[in-house]
Amino acid sequence: MGILTPEATAIAKPPLLAVRGLNIAFGDTGIVKDLSFDIAPGETLAIVGESGSGKSVTALSLLGLLGPRARVTGSIAFGGEELLPYDFGRLTGLRGNDVSIIFQEPMAALNPVYKIGRQLGDVLRNHLKLSPAEARARAVELLHKVKLPNPEVKCDQYPFELSGGQLQRVMIAMAIACRPRLLIADEPTTALDVTVQARILDLLRELQAEMGMSILFITHDFGVVADIADRVLVMRHGEKIETGPAGDLFSAPREDYTRMLLSAVPSLERRDFLEDAPAPSDDTTVLEFRDVGITFYGRRGHELKALDGIDLTIRRNEVVALVGESGSGKSTLGNVAAGLLRVNRGQVTIDGRLRQGAGTGKDLHSPGVSMVFQDANASLNPRMRIGATLRAALQWNRRYKPGLDCSDGHIRHLLSEVGLAPELFDRFPHELSGGQKQRVGIARALSVKPSLVVADEPTSALDVSVQKTVLELFRKLQRQYGFACIFITHDLSLAASISNRVVVMNRGRIVEQGPAAEVLRNPADAYTRALLDSIPLPDPAAQRARRARPAGPGTHP
Amino acid sequence: MKRIILPLIAGILVAFAVAGPLLVPVDPLAQNILARFAPVGTPGHLLGTDNFGRDILARIATGAQVELLTALASTMIALSLGVSIGVTAAYSRGLTEDFLMRGIDVMLSIPPLILALLVVAVLGPSVPTLIGVLALLFTPGFARVAYGQTLSVRSRPFIQAAIIFGAPRRSIILGQILPNIVAPLLAQASLTIASAILVGSGLGYLGLGIRPPMPSWGGMVADGQRYLATHPMLMLIPGLFVVSAILTFSALGDTLRTLWDPREQGGR
């Protein structure tokens with residue numbers, strides 16, 4: 001464990017894993033170029049990079065999991081034993097015994113048709129000589145160890161009955177079943193909520209201290225890096241940018257790229273608030289929710305209150321950030337505002353017109369609202385060129401606003417306004433990068449001169465560096481046009497950097513709301529405090545200090 | 001290469017069906033007892049003659065017209081009918097959906113050959129009857145594909161975007177959903193043409209398709225069968241045309257799908 005082990009002694013031991021001059025290519029395309037690194041016993045090395053940096057490919061290459069099309073050259077020495085060229089017989093003996101791996105999507109990594117206990121038992125029996133009863137007893141014991149509540153019950157459940165965090169615990173149990181010397185963790189917390197992420201990271205740290213294993217941690221999130229890593233390796237386009245102890249790298253990054261990545265992480269500590277934003281001077285109410293409720297009815301009379309008595313008013317010029325974990329109802333609220341969902345209860349008024357509630361018609365559509373989607377790629381019709389997509393939105397909206405300009409010249413102007421070359425007019429969505437597609441999404445949302453924009457996690461699928469520029473663009477355009485905005489995000493620091501007001505949601509209810517700075521500095525509600533405490537700080541020293549504090553009363557169950 | 005060759009062969013077959021009688025200006029019904037069983041390559045009878053001395057090439061050409069046009073026409077009818085039903089069901093949901101899709105299930109539960117026999121027995125064999133029967137048989141397949149595809153495309157965010165930006169229903173269905181379900185429908189259509197040729201010539205073989213003496217490939221196979229031992233070409237030639245037409249059309253779908261995908265355009 002890095003805190004207790006001084007760097008010097010960790011380096012002095014012979015490395016558990018030594019990678020030298022690693023090159024990985026698919027066909028003619030080099031994915032990883034001349035990469036070298038070491039992992040000492042008991043050490044955690046984090047490989048950080050954006051999408052396409054080759055970090056996951058590097059991790060998979062260690063176990064020979066890349067498939068026959070990959071050409072892997074160089075040297076990978078594990079415990080002094082050379083793995084290249086791959087001897088798959090020997091690798092099979094290594095996998096699961098000495099080296100284990102956990103993946104980003106625990107739901108996808110477990111087989112949906114087998115019970116948890118059976119899957120865990122199968123892994124154990126593949127490696128150890130155990131009877132089915134012994135395997136089950138060991139499985140329960142392992143599930144205890146990863147702090148899964150009620151392991152005896154969970155053993156007899158199917159993956160779909162467990163939450164994402166619980167499934168990741170099962171995966172970890174599976175990975176540590178044979179006490180591996182190296183655990184590869186490929187973005188293990190990216191798909192999880194922050195509160196769950198914090199507890200999974202705690203668990204990994206505890207297990208590491210107890211079992212003395214090394215961890216190779218793949219991530220794009222510098223907050224997570226600060227929380228778990230002893231040493232950091234920054235990668236870009238398949239090459240090493242820099243490497244060093246986590247503390248040094250955070251306090252004194254040597255390379256511009258590292259600095260850029262670090263500065264792109266929104267931080268509550270760096271007072272990254274939107275304080276210079278003018279308070280909404282315009283009192284025109286754009287959106288009004290009165291006691292809005294939606295209940296979804298599942299099979300066997302199962303009821304889910306996705307929204308439960310929501311009262312919310314948004315004025316012109318105001319950016320309201322909706323924060324909460326998955327299942328909190330924030331996206332449902334956004335969809336109601338956008339006219340995609342019908343409410344069971346209450347009233348929705350948009351631009352002074354009652355849209356939903358007693359006495360309204362069948363049509364939910366309100367012309368003043370537009371939306372930016374989380375998955376920019378899926379929000380563009382793959383069969384339509386960019387220009388055609390924008391023109392279609394304008395033409396549809398012309399039924400309500402006859403003044404809209406549908407000319408090609410105006411569409412090209414819209415593209416340049418979001419920082420895109422007008423040449424993209426004739427391209428198909430698949431020819432654009434993720435950031436470009438989201439800019440098209442923003443251009444489309446603003447082209448119809450909306451009074452309210454619903455932005456549903458518009459940057460969460462983008463790389464941090466791209467995220468930052470897209471956010472800046474969005475903020476600039478919002479100030480320029482003064483539309484009201486519902487900005488849905490699970491990221492509190494992001495909420496702080498973009499909004500005038502933060503609304504915290506939990507289980508379909510609003511638990512707290514107020515000016516961003518106030519809510520995030522002095523959270524009144526226990527749930528908000530738990531959310532805040534779970535955000536990893538992009539600073540190893542601060543993170544360590546916070547971890548040392550006993551968990552406050554706000555700890556979420 | 002594949003993307004040129006297959007459409008080319010299909011094109012030749014279709015052209016043969018359309019222009020065959022012009023290319024082979026011989027009456028397919030003209031009998032000539034003296035020139036019976038002329039071998040392949042006889043001057044004036046490129047593919048020889050049959051047991052009545054009728055020119056086989058001319059009969060194949062006329063048969064192609066019946067065979068391929070029946071297959072294409074019935075597929076087109078089944079395609080439009082099936083897509084309308086499937087897309088309407090998936091888009092409207094609720095009662096309309098139940099009504100339409102259960103109707104499709106009922107159609108699927110009728111054994112195809114029995115239906116064909118029944119209709120032909122009642123209405124008598126003719127080209128329009130054949131097209132009608134085949135169209136009816138293939139409609140449920142298209143409806144199911146269109147239904148499933150529409151359901152999955154409908155839930156994608158770009159459809160939500162279209163709704164939010166005020167797209168009318170008609171342009172959501174025609175402009176947004178349809179172009180995105182064309183690829184699987186093309187594949188289904190090409191397989192359907194192939195099986196329509198198969199079923200059509202099967203019915204012809206059983207004497208339920210085109211009434212003799214009008215030639216059909218299936219009927220020619222049936223006639224030639226009697227002379228299999230002495231003159232095998234009488235049966236092999238029309239059989240070969242049936243097989244190549246089926247192979248071509250069933251492989252064509254893949255090529256058309258690739259050509260339809262914008263990702264495959266622009267020389268990749």
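From a predicted model like this one, the values you see are computed outputs, not experimental measurements. (Residues numbered from 1 in each chain as written. Chains lettered and ligands numbered in written order. Predicted model: local features only at pLDDT ≥ 70, side-chain atom pairs only at ≥ 80, totals over all residues.)

Chemist: How should I be thinking about the overall build of chain A in this particular structure?
Modeler: Counting secondary structure elements, chain A contains 21 helices and 20 strands. For chain A, the C-alpha radius of gyration of 25 Å lies close to 24 Å, the compact-globule estimate for 557 residues. In terms of overall dimensions, chain A has a C-alpha envelope of 75 × 55 × 45 Å along the principal axes. In chain A, of all internal contacts separated by at least 6 residues, the share reaching a separation of at least 24 is 69%. (Helix = DSSP H or I, 4+ residues; strand = E, 2+ residues; numbered from the N terminus. Rg over C-alpha atoms; globule rule 2.2 N^0.38 Å. Contact = placed C-beta atoms within 7 Å.)

Chemist: Which parts of the structure should I look at to understand the overall build of chain B?
Modeler: Counting secondary structure elements, chain B contains nine helices and zero strands. If you list the helices and strands of chain B from N to C, you get α-α-α-α-α-α-α-α-α. Classification of the 268 residues of chain B by burial places 43% in the buried group. Looking at chain B alone, contacts between residues at least 24 apart form 71% of all its contacts between residues at least 6 apart. (Buried ≥ 20, exposed ≤ 12 C-beta atoms within 10 Å, placed from the backbone.)

Chemist: Looking at this model, I keep getting lost on the environment of A392 of chain A. Mind explaining?
Modeler: Residues and elements named next belong to chain A. Tracing the backbone through its elements, the reader meets A392 in helix α14 (residues 386-397). What makes A392 buried here is the crowd of 21 C-beta atoms within 10 Å. In this structure the C-alpha to C-alpha distance between A392 and G74, which are 318 residues apart in sequence, comes to 52 Å.

Chemist: Would you take a moment to explain unusual backbone geometry for this structure?
Modeler: Peptide bonds are mostly trans, and most non-glycine residues show a negative phi. All names here are of chain A. In this model, L84 is joined to P85 through a cis peptide bond whose omega is -5°. Along the polypeptide, P85 turns up in the loop between β5 (81-82) and α3 (88-94). Phi at N150 is positive, roughly 50°, even though this residue is not glycine. In this structure, N150 sits in the loop between α6 (132-145) and α7 (151-155). The phi dihedral of D351 is positive, around 50°, even though this residue is not glycine. Inspection of the secondary structure puts D351 in the loop between β14 (345-350) and β15 (353-356).

Chemist: Can you walk me through the UniProt feature "domain: ABC transporter" (unreviewed entry) in chain A in this structure?
Modeler: Those residues carrying the UniProt feature "domain: ABC transporter" (unreviewed entry) are residues 17-262 and 287-532 of chain A in this numbering. Between the end C-alpha atoms of residues 17-262 of chain A there is a gap of 27 Å, over a span that is 41% helix and 26% strand. (UniProt positions renumbered as here; feature names shortened; annotations may be inferred.)

Chemist: Would you explain the interface of chain B and chain A in this entry?
Modeler: Interfaces are often described in size by the accessible area the parts lose on coming together. Contacts between chain B and chain A engage 15 residues on the former and 24 residues on the latter. When residues of the side of chain B that touches chain A are traced back to their parent elements, those giving at least two are α6 (157-164) and α7 (169-205) of chain B. Looking at side-chain class alone, the side of chain B that touches chain A contains nine nonpolar, four polar and two charged residues. (Nonpolar A, V, L, I, M, F, W, Y, C, P; charged D, E, K, R; others polar.)

Chemist: Teacher, can you tell me more about the sheet that holds β15 of chain A here?
Modeler: Strand-to-strand pairing in sheets goes through backbone hydrogen bonds, with the strands running parallel or antiparallel. All names here are of chain A. The four strands are arranged β12-β11-β14-β15 in an open sheet whose pairing can be described as antiparallel. Either end of the sheet is taken by a strand with one partner, and the two such strands are β12 (303-315) and β15. For this sheet, the mean inter-axis angle between neighbouring strands, taken without regard to orientation, is 25°. (Pairing = 2+ DSSP bridges. Axes fitted to C-alpha atoms, helices over the stretch in contact; angles between N-to-C directions.)

Chemist: I keep staring at the pairing of strand β2 (residues 29-39) of chain A and nothing clicks. Help me out?
Modeler: Residues in a regular strand point their side chains to alternate faces of the sheet. Residue and element names in this part refer to chain A. One ladder, built from seven bridges, connects strand β1 (residues 17-26) with β2; its direction is antiparallel. Of the residues in β2, the one forming a bridge with V19 is F37. The antiparallel pairing of β1 with β2 creates a hairpin that spans two residues between the two strands, and G27 there sits at a positive phi of about 60°.

Chemist: Looking at this model, I keep getting lost on the sheet that holds strand β13 (residues 319-323) of chain A. Mind explaining?
Modeler: Residues and elements named next belong to chain A. What the six strands build is an open sheet, ordered β16-β17-β18-β13-β19-β20; its pairing is mixed. On the outer flanks of this sheet lie β16 (369-372) and β20 (509-515), each paired with one strand and no other. Mean inter-strand twist for the sheet, computed between neighbouring axes without regard to direction, equals 20°. Of the pairings in the sheet, the one linking β13 to strand β19 (residues 501-506) comprises four bridges and is parallel in character. When the bridges of β19 are listed, A321 appears paired with V502.

Chemist: Where do I start with the packing of helix α2 (residues 56-92) of chain B against helix α3 (residues 94-108) of chain B in this structure?
Modeler: To characterise two packed helices, one gives the angle between the axes of the helices and the distance between these axes. All names here are of chain B. Two elements in contact, α2 and α3, have axes separated by 7 Å at closest approach and are oriented at 145°. In the crossing of α2 with α3, the sense of the turn from one axis to the other is left-handed. Seen from α2, the contacting residues are I85, T88, A89 and S92; seen from α3, they are G94, T96, E97, L100, M101 and I104. The class makeup of the residues in the contact of α2 with α3 is five nonpolar, four polar and one charged. (Left-handed = near helix turned anticlockwise from the far one by under 90°.)

Chemist: I keep staring at the UniProt feature "transmembrane region" (unreviewed entry) in chain B and nothing clicks. Help me out?
Modeler: UniProt marks residues 68-91, 185-208 and 228-252 of chain B with the feature "transmembrane region" (unreviewed entry), using the numbering shown here. Segment residues 68-91 of chain B splits into 100% helix and 0% strand. End C-alpha atoms: 33 Å apart.

Chemist: Where do I start with the UniProt feature "domain: ABC transmembrane type-1" (unreviewed entry) in chain B in this structure?
Modeler: Those residues carrying the UniProt feature "domain: ABC transmembrane type-1" (unreviewed entry) are residues 64-253 of chain B in this numbering. This span, residues 64-253 of chain B, is 84% helix and 0% strand, and a straight line between its end C-alpha atoms measures 20 Å.

Chemist: Sorry, what's going on with helix α15 (residues 408-417) of chain A here?
Modeler: The α-helix advances 3.6 residues per turn, and as a result positions three or four apart in sequence lie on the same side. Residue and element names in this part refer to chain A. Every buried residue belonging to α15 is among I411, L414 and L415, and all of these are buried. For α15, the angular spread of the buried residues around the axis is 100°, confining them to a single face. Projecting away from the buried face of α15 at angles above 90 degrees are the exposed residues G409 and S416. Looking at the buried side of α15, the elements it contacts are α14 and α16 (434-447). One or two positions beyond α15, positive phi appears at G419, with a value near 80°. (Arc of directions from axis to C-beta.)

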